Amino acid sequence: MWIIRERIQLPSEEVIFLFVDKTAPQSSLTRGQLYEKEKHEDGFLYVAYSREITFGFRGSCWARGALPACVSCK
C-alpha cells in the first residue's frame with residue numbers, strides 16, 4: 001500500500017480504500033492471490049480507489065490555505 005500512496009502522492013492525513021468489482025478485497029490476501037481470484041478475462045486486475053480525509057480533517061484544510069473555500073469543511 002505504501003507504494004500506491006507514494007505514486008499518487010497521498011498526504012498523511014488521507015487514507016485510501018481499494019475496490020475490486022465494487023467491493024473491498026480481503027486485507028489478508030496478497031496482491032498475487034487477489035489477482036488470481038479477481039482478474040478479468042483479459043488478464044488485467046481492475047482496481048478502483050477512493051481517497052478520504054480522516055486524520056486532522058479541518059487542520060489539513062487550514063494548513064493548505066483552502067478555507068473558507070474548501071467544500072469538504074462546509
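Residues numbered from 1 in each chain as written. Predicted model: local features only at pLDDT ≥ 70, side-chain atom pairs only at ≥ 80, totals over all residues. Heavy atoms only, no water.

**Considering the overall build of the protein**
Here is step 1 of the chain: Helix and strand counts for the protein stand at 3 helices and 2 strands.
Here is step 2 of the chain: Helices and strands in the protein line up, N terminus first, as α-β-α-β-α.
Here is step 3 of the chain: With 74 residues in all, the protein has 19% of them scored as buried.
Here is step 4 of the chain: Long-range contacts, defined here as pairs at least 24 residues apart, represent 51% of the contacts in the protein between residues at least 6 apart.
Here is step 5 of the chain: For the protein, the computed accessible surface area is about 5,900 Å², with 57% contributed by carbon and sulfur atoms. (Helix = DSSP H or I, 4+ residues; strand = E, 2+ residues; numbered from the N terminus. Buried < 20%, exposed > 50% of the residue type's maximum accessible area, 1.4 Å probe, protein only. Contact = heavy atoms within 4.5 Å. Areas by Shrake-Rupley, 256 points an atom, 1.4 Å probe, with all protein chains shown as cover.)

**Section: the confidence of the model for the protein**
Here is step 1 of the chain: In this model, the protein carries an average pLDDT of 77, and 73% of its residues clear a pLDDT of 70 or more.
Here is step 2 of the chain: Counted against residues more than four places away or in other chains, residues 62-69, with its pLDDT under 50, gives 10 contacts. (pLDDT = per-residue confidence, 0-100.)

**Topic: the pattern of salt bridges**
Here is step 1 of the chain: Tallied over the full model, the rule gives 2 salt bridges.
Here is step 2 of the chain: Between arginine 51 and glutamate 14 there is a salt bridge whose closest N-O contact spans 3.1 Å. Residue arginine 51 is found in strand β2 (residues 48-53), and its partner glutamate 14 is found in strand β1 (residues 14-19); the two are separated by 37 residues along the sequence.
Here is step 3 of the chain: The partner of lysine 39 in a salt bridge is glutamate 36, and the shortest N-O contact between them spans 3.6 Å.
Here is step 4 of the chain: Residue class for glutamate 36 comes out exposed when judged on its relative accessible area of 52%. (Salt bridge = Lys/Arg side-chain N within 4 Å of Asp/Glu carboxyl O.)

**Overview of the environment of aspartate 21**
Here is step 1 of the chain: Here aspartate 21 shows up in the loop between β1 and α2 (31-38).
Here is step 2 of the chain: Taking the C-alpha atoms as reference, aspartate 21 lies 8.1 Å from glutamate 38; in sequence the two are 17 residues apart.

**Quick notes on unusual backbone geometry**
Here is step 1 of the chain: Positive phi outside glycine occurs at aspartate 21, with the angle close to 55°.
Here is step 2 of the chain: At lysine 22, a position not held by glycine, the phi torsion is positive, near 65°.
Here is step 3 of the chain: The class of lysine 22 is exposed, set by a relative accessible area of 81%.

**Digging into the environment of valine 15**
Here is step 1 of the chain: Structurally, valine 15 is set in strand β1.
Here is step 2 of the chain: In this structure the C-alpha to C-alpha distance between valine 15 and serine 50, which are 35 residues apart in sequence, comes to 8.3 Å.

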